[in-house]
Amino acid sequence: MLVLQEEPSPQDRPALRLPVSRRANVERFSAIEAGFVRFTVEETTQLQPCLDELEVFSAGPDSRNVALASAGATATSSSTLPGYAIHQLKHVNDGLYGNDHSWISNENGRGWVQLKLAKPTRIDRVVWSRDRENVPRYNDRLPTKYRVEVSLDGTAWTRVAGHEDRLPQTLKLTAGTLATSTGLPVAEAARFQKLQAQRKQLEKAITEAETAPVVYAGIFGKPGETRRFQRGDVTQPREEVAPGVVTALHPIAPLPMDAPDPQRRLALADWIVDRQNPLTARVMANRIWHYHFGTGLVDTPSDFGVNGSRPTHPELLDWLAREFVNNGWSIKHLHRIIVLSQTYRQSSSPPDMAAGMARDAQTRLLWRFPPRRLEAEVLRDTILSASNKLSLRMGGPGFDLFEPNTNYVKVYNSKSEFGPDDFRRMIYQHKPRVQLDNVFGAFDCPDAGQIAPRRNVSTTPLQALSLLNSTFALEQAGFFAARVVSDAGNNPSAQVDRAFQVAFNRGPSVEEAAAATELVSQHGLPSLCRALINSNEFIQIF
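The rules behind each value
- Residues numbered from 1 in each chain as written.
- Predicted model: local features only at pLDDT ≥ 70, side-chain atom pairs only at ≥ 80, totals over all residues.
- Heavy atoms only, no water.
- Helix = DSSP H or I, 4+ residues; strand = E, 2+ residues; numbered from the N terminus.
- Rg over C-alpha atoms; globule rule 2.2 N^0.38 Å.
- Buried < 20%, exposed > 50% of the residue type's maximum accessible area, 1.4 Å probe, protein only.
- Contact = heavy atoms within 4.5 Å.
- Areas by Shrake-Rupley, 256 points an atom, 1.4 Å probe, with all protein chains shown as cover.
- Lys, Arg positive; Asp, Glu negative; His and termini not counted.
- Charge placed at Lys NZ, Arg CZ, Asp CG, Glu CD.
- Expected span 1.5 Å × (residues − 1).
- Arc of directions from axis to C-beta.
- Patch = residues over 30% accessible without salt bridge, like charges linked within 9 Å, V, L, I, M, F, W, Y side chains within 5 Å.
- Salt bridge = Lys/Arg side-chain N within 4 Å of Asp/Glu carboxyl O.
- Polar contact = N/O pair within 3.5 Å; in protein donor to acceptor, adjacent residues only side chain to side chain.
- Core = buried A, V, L, I, M, F, W, Y, C linked by side-chain atoms within 4.5 Å.
- pLDDT = per-residue confidence, 0-100.
- Phe/Tyr/Trp six-rings, centres within 6.5 Å; stacked < 30°, edge-to-face > 60°.
- Lys NZ or Arg CZ within 6 Å of the ring centre and 35° of its normal.
- Axes fitted to C-alpha atoms, helices over the stretch in contact; angles between N-to-C directions.
- Left-handed = near helix turned anticlockwise from the far one by under 90°.
- Nonpolar A, V, L, I, M, F, W, Y, C, P; charged D, E, K, R; others polar.
- 1 Å grid on protein atoms, 1.4 Å probe; cavity = no way out; pocket = protein on both sides within 12 Å on 5 of 7 lines; lining within 4 Å.
- Points joined across faces, edges and corners; volume = space filled by probe spheres on them.

### What to know about the overall build of the chain
And step 1. Helix and strand counts for the chain come out as 14 helices and 12 strands.
And step 2. Its C-alpha atoms give the chain a radius of gyration of 38 Å, clearly above 24 Å, the size a compact globule of 542 residues would have.
And step 3. Considering the chain as a whole, with its 542 residues, one finds that 35% of them fall into the buried category.
And step 4. Long-range contacts, defined here as pairs at least 24 residues apart, represent 65% of the contacts in the chain between residues at least 6 apart.
And step 5. As displayed, the chain has an accessible area near 32,900 Å², and 54% of this comes from carbon and sulfur atoms.
And step 6. Of note, the chain has its 62 positive side-chain charges centred 2 Å away from the centre of its 59 negative side-chain charges.

Pasting the structure below:
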C-alpha cells in the first residue's frame, strides 16, 4: 500500500536520516532564494559547539559552494572561544577541513554562525562538519540538535532543515543486502545463483586482502621545537636550542635547529656507540659482570653518577669495556673471557677463609667466588632439568603459570596442575605485570611492573614452604625419582649415588650416602629427591 501526503515541515518529518557525524553532514531541501544562511546549535555531545566548515551549494547542474570567503561570503557568529588561533570564525568558510581550521562558540552547548552570501542565490543544500580530515581525530563538541534557516534580507527567516528527522546520534546502525531469485525464469535464476556465488567468493577475497595485522605504530612528522626552560619551569620557555647531547660526556657535531627526525636519531645512535663515548661499553660490561658474579664492579648498575657507587676495580672495568668495543661489541666474547678467567673459576671456600672474611666479608674484592642463590627463573629451570622434564624447544608461543579464564577482567590464579607445555624454560613464560605465581614469585622474582636493574635477595619462610610443599615441587620430585630409577635401577645405593650426581654434580660422602640410603628405605626415593632440591647446595651457586 502506498500512502501519499503533503510534504511535512522539517520538524514534523519522521526520523529516517542517518545520525549526525563528525564528518560531512548534508542538509537537503527544496531550492530557495537566499542571501543569508544561519546554522544554529541548540545542543552538543559536550562542551561548546565546533564547526570546521559550513558550506552552502547553489541549485542546478553547475552547483558550487557559494559560502566560501573567497567567493565573497562573510561570516558572523554569536561568539567565538577566545585565545586559540586554530579556532577562529574565519575558519568556518575558508575551505579547509579539520580541527586545526575550525570555529568554536564561547557558549556551552549553544551558538550560531551566519553567512552573508555575495549576492542572493538559489540554493538547495547545506553541508557542515565538525572534523572532516582524512583521518578525523575529534568527536567532541558535535552538534546534535540544530536548525538551518535562510533569509533574503537577514530579518525574516525561513527554517529549511534541522535535526528532527535524523536518528539519534548514539544509535548504532547496520546494513545488509537482500538478494533473491524469486520470480525469475529458471535459466536466469540459475545464472543469478552462479553470480551470487562468485560475488561471495570475491567479497571473501577482498576482506582477506584488506585485513592486516593490527599494530601500535607511530606517526612520522617534523620534530617540534625544543626550548630552554628558565630554572626548569615549563611555564617559562626561553630561547630555542638545537638537538644535541650532554657535551660534558662526549660532544657530537652540532645539528641544525631544523634537523629532520632521521638525522637526529642517527646522530644519537652514532654517539651511543662512538669509541670515544666512555659510558655505553662500561655500563654493558658491568651488567654482564653483574649477572655472572651476582654484583657488578659498580654495584649500582643503573647509576654511574655521583649518587652511585664507585667501582671496586676501575682498571678492570675499563679493560673490559675496551675489550668489548675492540671485539665488535661482541657479548659472547665478553662472556667467554669472564667465565674462563681464574676469578670466575676459583672456589667459594679457599683455604684462607678466615682471613678473607675478616678483611672483606661481602667478597667485593673477589678474593673468592661470591656464593649466591639462584634466581627464580634459573631455579625452576634447574628443577625441571633434574627431573629430566625441561623442554629445550626454542621460539613459538610461551606458556602461562596462571589458570586460564574467560572473565572480562583477567583473574590471576596460579596453576596447581602442570603439563609438558608448562615445562619450557622460564624465559618463555607469559609475564603479566604486578602478578607473581605462588611458588617462584616468593624468590624475589620481579613483578614486571617496575624496572629491576638489581634484584633483591631475601630469605623467607614462604620460600622454604613453597619449595617443600607446593604441587610443582612434589610432582617434580616424583619425576626426579623416576629418572633416577631409569638410570640406576632398583639398587638403593646406586640410586643415591645417581641422585647426588644429578643434583650436585658429585657423588655423596660416606655420611651422606648412609643417611640418604636410610631415608630411601624408610620413606622412598621421591622423599630423597625432594630433600635434594630443597638443599642449600641445590639452590645456591658456590
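### Describing helix 2 (residues 261-272)
And step 1. Compared with the 16 Å implied by 1.5 Å per residue over 12 residues, the 17 Å span of helix 2 between its first and last C-alpha is a close match.
And step 2. Among the residues making up helix 2, those that are buried are R264, A267 and W271. Down the axis of helix 2, the buried set is contained in an arc of 65 degrees. They therefore lie on one face. What points out from helix 2, more than 90 degrees from its buried face, is the exposed set P262 and L266.

### Points about a nonpolar patch on the surface
And step 1. A surface patch of nonpolar side chains, amounting to about 230 Å² of accessible area, comprises L268, I272 and V273.
And step 2. Looking at the element boundaries, L268 is found in helix 2.
And step 3. Overall, the relative accessible area of 44% leaves L268 in the partly exposed class.

### Thoughts on the side chain of T121
And step 1. With respect to the helices and strands, T121 occurs in strand 6 (residues 111-129).
And step 2. A polar contact is formed between the side chain of T121 and the backbone oxygen of K119, at a distance of 2.9 Å.
And step 3. Setting aside anything within four residues of it in sequence, one finds T121 in contact with I32, E33, A34, S58 and V66.

### Notes on the pattern of salt bridges
And step 1. According to the stated counting rule, one finds 24 salt bridges in the structure shown.
And step 2. Taking the shortest distance from any N to any O, the salt bridge between E27 and R166 comes out at 3.1 Å. Placement of E27 in strand 1 (residues 25-44) and of R166 in the loop between strand 8 (158-162) and helix 1 (186-210) is noted, with a sequence separation of 139 residues between them.
And step 3. Overall, the relative accessible area of 0% leaves E27 in the buried class.
And step 4. Exposure remark for R166: the relative accessible area of 10% places this residue in the buried category.
And step 5. R125 serves as the salt-bridge partner of D124, at 3.8 Å between the closest nitrogen and oxygen.

### Some words on the nonpolar core
And step 1. Ranked by internal contacts, the top residues of the largest apolar core, which has 36 residues, are L379, I383, F440, F480, L528, L532 and F538.
And step 2. Elements that contribute at least two residues to this core include exactly helix 8 (376-386), helix 10 (471-488), helix 11 (492-504), helix 12 (510-523), helix 13 (525-533) and helix 14 (536-539).
And step 3. Looking at which element gives the most residues to this core, the answer is helix 11, with six residues.
And step 4. Residues within four places of I383 in sequence aside, it is in contact with F440, L467, F472, Q476, I533 and F538.
And step 5. By size, the runner-up hydrophobic cluster in this structure holds 26 residues, among which are L89, V92, L142 and V160.

### Quick notes on the confidence of the model for the chain
And step 1. In the predicted model, the chain carries a mean pLDDT of 89, and the fraction of residues at 70 or more is 95%.
And step 2. Across residues 1-8, where pLDDT falls below 50, the model places three contacts with residues more than four positions away in sequence or in other chains.

### Topic: helix 3 (residues 279-293)
And step 1. For helix 3, built from 15 residues, the straight-helix expectation of 21 Å at 1.5 Å per residue is met to within 8% by its first-to-last C-alpha distance of 21 Å.
And step 2. Every buried residue belonging to helix 3 is among A281, A285, N286, I288, W289, H290, H292 and F293, and all of these are buried.
And step 3. Buried residues belonging to helix 3 abut helix 4 (314-326), helix 5 (331-339), helix 6 (342-345) and strand 11 (372-373).
And step 4. Just downstream of helix 3 lies G294, where phi reads positive at about 90 degrees.

### Quick notes on the packing of aromatic side chains
And step 1. Evaluation of the coordinates by the stated rule reveals 15 aromatic pairs.
And step 2. With 5.1 Å between their ring centres and 50 degrees between their planes, F39 and W128 make a pair best called tilted. Remark: W128 occurs in strand 6 and F39 occurs in strand 1; sequence separation between them is 89 residues.
And step 3. You can call W128 buried: its relative accessible area is 0%.
And step 4. Cluster of aromatic residues (ring-pair linked, three or more members): W289, F293, Y344 and F369.
And step 5. When the ring centre of W157 is taken as reference, the NZ or CZ atom of R38 above it lies at 4.0 Å.
And step 6. Sitting over the face of the ring of F57, R125 holds its NZ or CZ atom 4.2 Å from the ring centroid.

### A word on unusual backbone geometry
And step 1. Notably, L366 is not glycine yet its phi reads approximately 60 degrees, a positive angle.
And step 2. Residue position: L366 is located in the loop between helix 7 (353-359) and strand 11.
And step 3. With relative accessibility at 14%, the residue L366 sits in the buried group.
And step 4. For N505, which is not a glycine, the phi torsion comes out positive at approximately 60 degrees.

### Quick look at the packing of helix 11 against helix 12
And step 1. Two elements in contact, helix 11 and helix 12, have axes separated by 9 Å at closest approach and are oriented at 115 degrees. Relative to helix 12, the crossing made by helix 11 is right-handed. Seen from helix 11, the contacting residues are P492, Q495, V496 and F500; seen from helix 12, they are E512, A513, A516, T517 and V520.
And step 2. Each residue belonging to the contact of helix 11 with helix 12 can be placed in one class, and the counts come to six nonpolar, two polar and one charged.

### Focus: the layout of surface pockets
And step 1. Space inside the largest pocket adds up to approximately 890 Å³.
And step 2. Lining of the largest pocket is provided by 41 residues; of these, G294, P371, R372, R373 and V457 occupy positions nearest its centre.
And step 3. Of all elements in the fold, only helix 3, strand 11, helix 9 (461-469) and helix 14 reach the threshold of two or more residues within the lining of the largest pocket.
And step 4. Residue composition of the lining of the largest pocket, grouped by class: 17 nonpolar, 15 polar and nine charged.

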